[in-house]
Amino acid sequence: MFQVNDNFQKLPGSYLFSTIAKKVNAFSSANPDKKIIRLGIGDVTQPLAPAIIEALHKAVDEMGNAETFHGYAPDLGYDFLRNAIVKNDYQDRGCDIQADEIFVSDGAKSDSADIQELFAADTKIAVCDPVYPVYVDANVMAGRTGTYNPDTQMWSNVIYMPCTKENNFVPEFPKETPDVIYLCLPNNPTGTTITKSQLQEWVDYANKVGALIIYDGAYEAYISEDDVAHSIYECEGARTCAIELKSFSKNAGFTGVRLGYTVVPKDLKRGEASLNAMWARRHGTKFNGAPYIVQRAGEAVYSEAGKAQLKEQVAYYMKNASTIKQGLQDAGYTVFGGVNAPYIWLKTPENMNSWEFFDYLLENANVVGTPGSGFGPSGEGYFRLTAFGTYENTVAALDRIKSL
Ligand SMILES: *Cc1c(COP(=O)(O)O)cnc(C)c1O
């Protein structure tokens, strides 16, 4: 008789976005005349840039012609894309990363979930709290996290690093030494980040204790401040302790196109085992490559026209971010983020909890956001608004909030 992987039974239900949808649906059926503005989900709204559309059309035409047709892509990605990534994202920034350390994939969510296949079964992971839920849940499915305590909302075998206004959202080195540390910077959900010298301290710490850092750089394109690293490999020593995950979803609007990559430096070793060789083996066995058409679209992200158009797209969202941030500040809120990331993290007023504020905002301003408590216990009392809406909706939402 077959048995299931019992670890799945340990997962608490992820009610966050389904609860939000239920509440919004109930409100709109009771109030059909009210126009709801959604600043909740972290998905982009702007169309693909013209340079990307052009590259897609061209690649589609190539697929319709026997001479230029492409079948299976190379497991690790086409050279044209890996070379463009290495040049633009690493070598131009002074980072020592080579094309054979880049693994092209269909996005950072799957890589951030799958990378734990490289870790030993008894690996102890550390995560920021609040956190993007994928890192912990993937380790739960692999049986690594111990038992869940519904009261504390914590797993017995996971190290949590609270990131709150008390520590300025900078994770502190945990008391217990972790084997693997997940860092997402600039951060989803808090929209905050740390300076390059603070990141260097994490790299030094990881090298000292022999830990591996999984560095999620999905929001790198939104960095506006000079003292923030665009890659962990800007830090000295990162080649021996860090894997970097990148996505084309947030910088180029590829959420529905699907493309990402993972950097595994060849200096990353444990004994005789090379993590680069292991990830290559894993990729070759379990993944058959991102589509040719999509990789050509990814290449266009690095063209002169593509870069210029995407800079504008990021600026469009960041104008929304400053509209939200300024508007909330004017209305007397305490706000964080929104400078190096398209998320604004606000402290709920008058000691409302995250869900109370959700209801208050929905009912009185008809604006939907995301309760901070959905991202971890330290998110309680906070609330996330995203800058991924249209400018018009963002302005309208803030006008409503200001007049509450
Ligand atoms: C959006 C996001 C990603 C990107 O996921 P894709 O699968 O590439 O779309 C990765 N990490 C975080 C924290 C994100 O918010």
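Criteria and thresholds
Residues numbered from 1 in each chain as written. Predicted model: local features only at pLDDT ≥ 70, side-chain atom pairs only at ≥ 80, totals over all residues. Heavy atoms only, no water. Helix = DSSP H or I, 4+ residues; strand = E, 2+ residues; numbered from the N terminus. Rg over C-alpha atoms; globule rule 2.2 N^0.38 Å. Buried < 20%, exposed > 50% of the residue type's maximum accessible area, 1.4 Å probe, protein only. Contact = heavy atoms within 4.5 Å. Areas by Shrake-Rupley, 256 points an atom, 1.4 Å probe, with all protein chains shown as cover. Lys, Arg positive; Asp, Glu negative; His and termini not counted. Charge placed at Lys NZ, Arg CZ, Asp CG, Glu CD. Pairing = 2+ DSSP bridges. Axes fitted to C-alpha atoms, helices over the stretch in contact; angles between N-to-C directions. Near = heavy atom within 4 Å. Polar contact = N/O pair within 3.5 Å; in protein donor to acceptor, adjacent residues only side chain to side chain. Nonpolar A, V, L, I, M, F, W, Y, C, P; charged D, E, K, R; others polar. Core = buried A, V, L, I, M, F, W, Y, C linked by side-chain atoms within 4.5 Å. Parallel < 35°, antiparallel > 145°, perpendicular 65-115°, else oblique.

Draft legend 1. Geometry of the overall build of the chain. Each helix and strand in the chain was counted, giving 13 helices and 17 strands. Radius of gyration (C-alpha) of the chain: 21 Å, near the 22 Å computed for a compact globule of 404 residues. Dimensions of the chain, computed from the C-alpha atoms along their principal axes, are close to 60 × 55 × 50 Å. When burial is assessed residue by residue, the chain has 52% of its 404 residues classed as buried. In the chain, 73% of the contacts between residues at least 6 apart in sequence involve partners at least 24 apart. Carbon and sulfur atoms form 51% of the exposed surface of the chain, whose accessible area is close to 17,900 Å². Here the chain carries 36 positive and 49 negative side-chain charges, and the mean point of each set is 2 Å from the other.

Draft legend 2. Geometry of the sheet that holds strand E6 (residues 158–162). The 7 strands are arranged E2-E10-E9-E8-E7-E3-E6 in an open sheet whose pairing can be described as mixed. Both outer strands of the open sheet, strand E2 (102–105) and E6, are each paired with one neighbouring strand and no more. Each strand axis lies, on average, 20 degrees off the axis of its neighbour in the sheet, ignoring direction. Relative to strand E8 (residues 212–216), strand E7 (residues 180–184) runs parallel, the two being bridged by 5 bridges. Paired with Val180 across the strands is Leu212, a residue of E8. Across the face of the sheet, helix H6 (residues 134–141) comes into contact with strand E3 (125–129), E7 and E8 while running at roughly 145 degrees to E3. Across the sheet, helix H9 (residues 275–286) is in contact with E2, E8, strand E9 (242–247) and strand E10 (260–263); its angle to E2 comes to roughly 25 degrees.

Draft legend 3. Region of interest: the site of the ligand. Near the ligand there are 14 residues, and of these Tyr219, Ser247, Ser249, Lys250 and Arg258 occur at the shortest range. One of the backbone nitrogen or oxygen atoms of Ala108 is found 2.7 Å away from an oxygen atom of the ligand. Between the ligand and Lys109 there is a distance of 2.9 Å, counted from an oxygen atom to a backbone nitrogen or oxygen. Compared with its free state, where it exposes 380 Å², the ligand has 93% of that area covered by protein. For the shell around the ligand, the secondary structure elements donating two or more residues are helix H5 (108–114) and helix H8 (249–252). Counted by class, the shell around the ligand contains 6 nonpolar, 4 polar and 4 charged residues.

Draft legend 4. Examining the nonpolar core more closely. Counting residues in each nonpolar core, the largest one holds 99 residues, and the members touching the most others are Ile52, Leu183 and Leu328. A total of 7 residues in this core trace back to one element, the largest contributor, which is helix H11 (residues 304–330). Within the second largest apolar cluster, 24 residues are counted, among which are Val131, Tyr135, Val140 and Val264.

Draft legend 5. Seen up close, the pairing of E10. Across the two faces of E10 the burial is the same, with Gly260 and Thr262 and Tyr261 and Val263 all buried. Pairing of E2 with E10 involves 4 bridges; the strand directions are antiparallel. Among the inter-strand pairings, Phe103 is bridged to a residue of E10, identified as Thr262.

Draft legend 6. Representation of the sheet that holds strand E17 (residues 382–386). Strand order in this open sheet of 4 strands is E13-E14-E17-E16, and the pairing throughout is antiparallel. A strand with exactly one partner marks an edge of an open sheet, and here the two such strands are strand E13 (335–337) and strand E16 (370–371). Running at roughly 45 degrees to E17, helix H12 (residues 354–365) makes contact with strand E14 (343–347), E16 and E17 of the sheet.

Draft legend 7. The arrangement of the packing of helix H3 (residues 50–63) against H11 in detail. Where H3 contacts H11, the two axes come as close as 8 Å, and the packing angle between them is 135 degrees. Compared by their axis directions, H3 and H11 come out oblique. The residues of H11 that touch H3, namely those facing Pro50, Ala51 and Ile52, are Ala305, Gly306, Gln309 and Leu310. Among the residues making up the contact of H3 with H11, the classes are represented as 5 nonpolar, 2 polar and no charged.

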